Amino acid sequence: MNLGVNQIKAAVVAIDLHRGHLDMSVATMPTTPDVAKQVIASNKRLFDWCRSVGIPVIHQVTSYRDEEEIRANPFWRTRAEDPRATRKNVMRHNIMGGPGCTVMPELLDPSDFIVNTKKRYDCFLGTDLDFVLRSHGVNTLLITGVNTNSCVLATTTAANVRDYSVIVVEDCVDSMDGPELHAAGLACIRTAFGFVMDTDAVMQLDGLKSAGRAV
């Protein structure tokens, strides 16, 4: 399969696989329990394989110093005022020091990288993600995480316009906003921004295993 690069140097960009979405005991903006279980299991399978062939895993974790950093977004402010919104708890979501700002333990390995300055849907905005990727020679991103129709979509778009080759791993992403918006996010991605394939297909890609750790 042609990914548009001469020689693949891959990394996983794992978006918001933290307790704030996936641990039902503390999550402020939870997925459903079934979605959380499936996303965790699929990501663990992918991460274990990637580490075994030398592909680094880079976790993106949303964290805010205080509510004002959240309230600066006008639309998010309206979500907090709508009791019907899936994102109605946005003003108390992942404040630093809270349990939500922690990667799910079963998905974290000491060899992984963590970028914990993410404050908006786009993982590149206001973080050093691009620096980490460029300094380690990465040109191909395996994007996983939540939510498909917001952070995954925004980050895929941002990666595309920065000239990365992007693969969204379909069974490793999902949305707290439901299956229709999950599917809509994937449709937008595969149409204009990157490839969409499942873990089995990723593992069979020519050149991915030989890409190795780019560090």
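Quick note: structure is the one above.
What comes next is a walk through the structure. (Residues numbered from 1 in each chain as written. Predicted model: local features only at pLDDT ≥ 70, side-chain atom pairs only at ≥ 80, totals over all residues. Heavy atoms only, no water.)

### Re the overall build of the protein chain
Reasoning step 1: Within the protein chain, the secondary structure is distributed over nine helices and six strands.
Reasoning step 2: Here the C-alpha atoms of the protein chain give a radius of gyration of 16 Å, agreeing with the 17 Å that 2.2 N^0.38 yields for 215 residues.
Reasoning step 3: Projecting the C-alpha coordinates of the protein chain onto the three principal axes gives extents of approximately 50 × 35 × 30 Å.
Reasoning step 4: Relative to its 215 residues, the protein chain shows a buried fraction of 53%.
Reasoning step 5: For the protein chain, the accessible area works out to roughly 9600 Å², and carbon and sulfur atoms hold 53% of it.
Reasoning step 6: Separation between the mean location of the 22 positive side-chain charges and that of the 25 negative ones in the protein chain comes to 3 Å. (Helix = DSSP H or I, 4+ residues; strand = E, 2+ residues; numbered from the N terminus. Rg over C-alpha atoms; globule rule 2.2 N^0.38 Å. Buried < 20%, exposed > 50% of the residue type's maximum accessible area, 1.4 Å probe, protein only. Areas by Shrake-Rupley, 256 points an atom, 1.4 Å probe, with all protein chains shown as cover. Lys, Arg positive; Asp, Glu negative; His and termini not counted. Charge placed at Lys NZ, Arg CZ, Asp CG, Glu CD.)

### Quick word on helix 7 (residues 179–192)
Side chains of residues three or four places apart in an α-helix project in the same direction, reflecting 3.6 residues per turn.
Reasoning step 1: With 14 residues, helix 7 should cover 20 Å at 1.5 Å per step; its first-to-last C-alpha distance of 20 Å lies within 8% of that length.
Reasoning step 2: Inspection of helix 7 places H182, G185, L186 and I189 among the buried residues, and these make up the whole buried set. Angularly, the buried residues of helix 7 cover 95 degrees about the axis, an arc narrow enough to put them on a single face. In helix 7, those exposed residues whose orientation departs by more than 90 degrees from the buried face are E180 and T191.
Reasoning step 3: Summarising the contacts, the buried residues of helix 7 are in contact with helix 6 (148–161), strand 5 (165–174) and strand 6 (195–197). (Expected span 1.5 Å × (residues − 1). Arc of directions from axis to C-beta. Contact = heavy atoms within 4.5 Å.)

### What to know about the packing of aromatic side chains
Reasoning step 1: Here the structure, examined in full by the defined rule, presents three aromatic pairs.
Reasoning step 2: Relative to W76, the ring of Y64 has its centre 6.5 Å away and its plane inclined at 80 degrees; by these criteria the two rings are edge-to-face. Highlighted residues: Y64 in the loop between strand 2 (57–62) and helix 3 (67–71) and W76 in helix 4 (residues 74–80), separated in sequence by 12 residues. W76 matches Y64 in its accessibility class, with the two residues each being buried.
Reasoning step 3: Members of the aromatic cluster, connected to one another through ring pairs, are Y64, W76 and Y121. (Phe/Tyr/Trp six-rings, centres within 6.5 Å; stacked < 30°, edge-to-face > 60°.)

### Examining the nonpolar core
Reasoning step 1: Counting 31 residues, the largest nonpolar core has V12, F47, W49, I55, L142, V202 and L208 as the members making the most contacts within it.
Reasoning step 2: At the level of secondary structure, the elements contributing two or more residues to this core comprise strand 1 (10–15), helix 2 (33–52), strand 2, strand 5 and helix 8 (199–203).
Reasoning step 3: Filtering out sequence-adjacent residues up to four positions away, W49 remains in contact with I55, V202, M203, L208 and K209.
Reasoning step 4: Membership of the second largest hydrophobic core comes to 25 residues, among which are V13, V132, L141 and A158. (Core = buried A, V, L, I, M, F, W, Y, C linked by side-chain atoms within 4.5 Å.)

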